[in-house]
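In case you want the letters, here they are:
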Amino acid sequence: MYRYDDFDRQLVHERTEQFREQVKRRLAGDITEEQFRPLRLMNGVYLQLHAYMLRVAVPYGTLRADQLRQLGMIARVYDKGYGHFTTRQNIQYNWPKLDEIPDALLDLAKVEMHAIQTSGNCIRNTTTDQYAGAAADEIEDPRPYCELIRQWSTFHPEFTYLPRKFKIAVTGSPNDRAAVKVHDIGLRMHQNDAGETGFEVMVGGGLGRTPFVGKTIREFIGKNDLFSYLEAILRVYNRFGRRDNKYKARIKILVHEEGIDKIRELVEEEWAQIKDGSLRVDDAEIAHYIEQFAPPAFETLSDDDADFERHKSENRRFANWVRSNVIEHKQPGYAIANVSLKPIGGIPGDATDTQMELVADLSEKYSFGDVRVTHEQNLVLPHVKKADLFAVWSELDKADLGTANLGYVTDIISCPGLDYCALATARSIPLSQRISERFGDLDRQHDIGELKIKISGCINACGHHHVGHIGILGLDKRGKEFYQITLGGDASQDASIGKIAGAGFSEAEVVDAIESLVTKYIDIRESGERFIDTYRRVGMDPFKEVLYGDR
Amino acid sequence: MSLQVVTANRLEDGLVVFLTSDGNWSENINDARIADGKEAADALLAEASAPELDIVIVGPYLIDVEQQGADIVPTKYREVLRTKGPSVREDLGYQAV
Ligand code: SF4
């Protein structure tokens, strides 16, 4: 796995010490809140409803065992014994004290972690497929490119004050698990006619108050040219992106207002100037990064394991977990094990200190010390021998981490909402808990099949509601929480933005409304159809009918 | 008649606090000084926004409240949550004590 070099280490260390000084000066009254606020935000420190919040970067969602263990320790020492994994593959702590945050950052730096690029109008932490390097369907591990993007973008002098924040996501697989089409830039790895591997570049996707699916600006860019091309896009955005209105400042608005053809023209013009310059990355350098993410020392195994099969036939709960949470690995005899952070009725994405430590231990014992964070707020042990799956599940299960619901209706994305977030207009977690309880029965979940429910507590859409098969947006209507339902969203390679079904529902009504949608789907689905497939076939009307009748 | 109090987050730990009668900041909304009417509210906020308080609290603002028996209760749910803690973790925040 990628390790910091001396430069990275020094950078993070200096940054931590710098922040310690800034906090000291703030507490002594030498700088005002107005001066301090941008400084703390640059270090991932927000002020939320009840306390400060520290957002820690998990670059491209990859963690080593020692890092996750440290995250658990930080939850215990600096917080109240838990953390919250977010749709940005990051972790947030909800209760740190300002004067202790520099120590927390120092403890993070000890395991090569930090809170850089988790806030502010810079290029944020790059996200990618949580199964990178393990997925059977991937062309190549996308993480070497994510790491190159990280190095190119961290403290990039030209792009520290962009018109607005900027998010890049990468997939190395045709099956997009990183929602790349709803990012400012989405990169999809593929091969051109000449058999070279490169990327389709999409630009202007995003959620928030004006959601868009990204548009293809270039069908193919070779690996060597990727970084100069990204630089060209960022330059065009930096120059033409709107700074007059915060709500129109994202690149998606620029692409929407100017049109993709015009933006392409500008980018190509810019690119022509710089493509042969210092940002061209040669094969040797790329190979160096690929080497850093070289596969672990897999054993040569048969893909069938008798014990594994026996456990499945003897233990129905284990078999259920395998059915939903275990994904095919590219290496015979291995599997990808998903650790659900969505126990029935639990808080999506929350993990306790001891749960984090347990997953760290398990990863060390069974998965080459490798753990992933997913944008759907779960964890992954990416390289587990099939023969070890039963042992892994048994341990997870004891710690309430063995829920067999990946991709099902109870595997809900939920942002923190009004329970924590200062920007929220309504709560989202309690709603996710009630939906989870309503559909908690596993047979029922199997019957329903894949169904992605995503909930945001305000229009900022951190809970990705626009791309939920069923999306829920919490709003405030004259002091009362109410919930707007969208249907037909999709974050995958077939990305689409959900459509608003109609008038919102009160807190008391909304779970019944969701259930009526699911019941309708079951009534009218054709064999093999998921909820989203049925919706695409029949459209909004039948669903609207059950929600509103003649209303 | 509209009743208001001033709330903010404490600089040091970010916790929710309310401006009290004696010009201090309390974690308990029942200690808050109530302003009755716009004029009193403006004065209260002006007091809370004094530059020297910048090293005590962050972001003071007025919230609407009601007097319910001995208790002061915010009218907005967001502010009720701030006086208690997350509704999904009743073991945390002020409600836990
Ligand atoms: S969607 Fe809104 S409420 Fe939810 S975390 Fe984002 S800003 Fe907060």
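Residues numbered from 1 in each chain as written. Chains lettered and ligands numbered in written order. Predicted model: local features only at pLDDT ≥ 70, side-chain atom pairs only at ≥ 80, totals over all residues. Heavy atoms only, no water.

Where an unreviewed UniProt entry is consulted, chain B appears under the name DUF2849 domain-containing protein, with the organism given as Thalassospira tepidiphila.

Per an unreviewed UniProt entry, chain A is named Sulfite reductase, and its organism is Thalassospira tepidiphila MCCC 1A03514.

Q: Is there a simple way to think about the overall build of chain B in this case?
A: Along its length, chain B carries 2 helices and 6 strands. The N-to-C order of helical and strand elements in chain B reads β-β-β-β-α-β-β-α. Relative to the globule expectation of 13 Å for 97 residues, the C-alpha radius of gyration of chain B, 13 Å, shows essentially globular dimensions. C-alpha extents for chain B along the principal axes are approximately 35 × 35 × 20 Å. Long-range pairs, those at least 24 residues apart, make up 49% of the contacts in chain B with a sequence separation of at least 6. Carbon and sulfur atoms form 50% of the exposed surface of chain B, whose accessible area is close to 4,800 Å². Charge centroids of chain B, computed over 8 positive and 17 negative side chains, lie 6 Å from each other. (Helix = DSSP H or I, 4+ residues; strand = E, 2+ residues; numbered from the N terminus. Rg over C-alpha atoms; globule rule 2.2 N^0.38 Å. Contact = heavy atoms within 4.5 Å. Areas by Shrake-Rupley, 256 points an atom, 1.4 Å probe, with all protein chains shown as cover. Lys, Arg positive; Asp, Glu negative; His and termini not counted. Charge placed at Lys NZ, Arg CZ, Asp CG, Glu CD.)

Q: Explain the pairing of strand S18 (residues 470-477) of chain A here, please?
A: Residue and element names in this part refer to chain A. Of all 8 residues making up S18, 6 are buried, and the element is well covered by its neighbours. Two strands pair when backbone bridges link them, and strand S17 (residues 453-456) and S18 are joined in this way by 4 bridges, in the parallel orientation. Along S18, the bridge assignment pairs Ile453 with Ile470. Across 8 bridges, S18 lies against strand S19 (residues 480-487) in antiparallel orientation. Bridged to Leu473 within S19 is Gln484. Count of turn residues in the S18/S19 antiparallel hairpin: 2 residues, of which Arg478 carries a positive phi of about 45 degrees. (Buried < 20%, exposed > 50% of the residue type's maximum accessible area, 1.4 Å probe, protein only. Pairing = 2+ DSSP bridges.)

Q: In this structure, what is going on with the packing of aromatic side chains? I would like to understand it.
A: In this description, an aromatic ring pair is defined by two values, namely the gap between the centres and the angle between the planes. All names here are of chain A. Under the counting rule described, the total for this entry stands at 18 aromatic pairs over all chains. Here the aromatic rings of Tyr145 and Phe199 are separated by 5.2 Å at their centres, their planes lie at 75 degrees, and the arrangement is edge-to-face. Of the two residues, Tyr145 sits in helix H5 (residues 143-153) while Phe199 sits in strand S9 (residues 197-203), which places them 54 residues apart along the sequence. Judged on exposure class, the residue Tyr145 and its partner Phe199 are both buried. Arranged with centres 5.4 Å apart and planes meeting at 45 degrees, the rings of Phe166 and Tyr237 form a pair that is tilted. Here Phe166, found in the loop between H5 and strand S7 (168-171), pairs with Tyr237, found in helix H6 (residues 226-240); they are 71 residues apart in sequence, far enough to count as distant. (Phe/Tyr/Trp six-rings, centres within 6.5 Å; stacked < 30°, edge-to-face > 60°.)

Q: What should I look at first to understand the sheet that holds strand S4 (residues 82-85) of chain A in this one?
A: Two modes of strand pairing occur in sheets, parallel and antiparallel, and in both the strands are linked by backbone hydrogen bonds. All names here are of chain A. Taken in spatial order, the 5 strands line up as S1-S2-S5-S4-S13 in an open sheet, and their pairing is antiparallel. The open sheet is flanked by strand S1 (45-47) and strand S13 (350-352), the only strands paired with a single partner. Between one strand axis and the next, the sheet turns by 30 degrees as a mean value, whatever way the strands run. Examined bridge by bridge, S4 and strand S5 (residues 91-93) share 2 bridges and lie antiparallel to one another. (Axes fitted to C-alpha atoms, helices over the stretch in contact; angles between N-to-C directions.)

Q: Can you walk me through the interface of chain B and chain A in this structure?
A: Many analyses report the size of an interface as the accessible area lost when the parts associate. Opposite the 23 residues of chain B that make contact, chain A presents 30 residues. Approximately 2,200 Å² of surface area, both sides summed, lies buried where chain B meets chain A, with 63% of it carried by carbon and sulfur atoms. Of all residues in chain B, B:Leu11, B:Arg78 and B:Val88 give up the largest surface area on contact with chain A, accounting jointly for 24% of the area buried on that side. Where chain B packs against chain A, one counts 1 salt bridge. Note that A:Arg26 and B:Asp54 form a salt bridge whose closest N and O atoms lie 3.4 Å from each other. For the side of chain B that touches chain A, the secondary structure elements donating two or more residues are strand S1 (3-10), strand S5 (57-68) and helix H2 (77-84) of chain B. Residue contributions to the side of chain B that touches chain A peak at 4 residues, all from H2(B). (Buried area = accessible area lost by both parts, 1.4 Å probe. Salt bridge = Lys/Arg side-chain N within 4 Å of Asp/Glu carboxyl O.)

Q: So what exactly am I meant to see when it comes to the pairing of S7(A) here?
A: Both faces of the sheet carry side chains from a regular strand, because those side chains alternate between them. All names here are of chain A. Residues of S7 alternate between two faces, with Ile168 and Val170 on one and Ala169 and Thr171 on the opposite face, all of them buried. In the sheet, S7 pairs with strand S8 (residues 185-191) via 4 bridges, with the strands oriented parallel. Its bridge partner being in S8, Val170 is matched across the sheet by Leu187.

Q: Looking at this structure, I do not really get the packing of helix H11 (residues 316-325) of chain A against helix H13 (residues 389-398) of chain A. What am I missing?
A: A pair of packed helices can be characterised by two numbers: the angle between their axes and the separation between those axes. Residue and element names in this part refer to chain A. Relative orientation of the contacting elements H11 and H13 amounts to 100 degrees, with a least axis distance of 11 Å. Looking at the two axes, H11 sits roughly perpendicular to H13. Residues Arg317, Phe318 and Trp321 of H11 form the contact with H13, whose participating residues are Leu389, Phe390, Trp393, Leu396 and Asp397. The class makeup of the residues in the contact of H11 with H13 is 6 nonpolar, no polar and 2 charged. (Parallel < 35°, antiparallel > 145°, perpendicular 65-115°, else oblique. Nonpolar A, V, L, I, M, F, W, Y, C, P; charged D, E, K, R; others polar.)

Q: Honestly, helix H14 (residues 429-438) of chain A in this entry has me stumped. Any pointers?
A: One full turn of an α-helix is made of 3.6 residues, so residues set three or four places apart face in the same direction. Residue and element names in this part refer to chain A. Summarising burial for H14: 7 of the 10 residues are buried, a large majority. Buried within H14 we find Ile429, Pro430, Leu431, Ser432, Gln433, Ile435 and Ser436. Buried residues belonging to H14 abut strand S16 (413-414), S17, S18, S19 and helix H16 (510-524).

Q: Before we go on, may I ask you to explain the domain arrangement of chain A in this structure?
A: Residue and element names in this part refer to chain A. Per the domain assignment, the segments of chain A are domain 1 (6-109), domain 2 (142-292), domain 3 (306-398) and domain 4 (413-548). Averaged C-alpha coordinates put domain 3 and domain 4 at centres separated by 27 Å. Counting residues at the interface gives 13 residues for domain 3 and 15 residues for domain 4. The largest share of the area that domain 3 buries against domain 4 comes from Ile344, Gly345 and Glu376, three residues that together contribute 36% of it. (Domains from an automatic or database assignment.)

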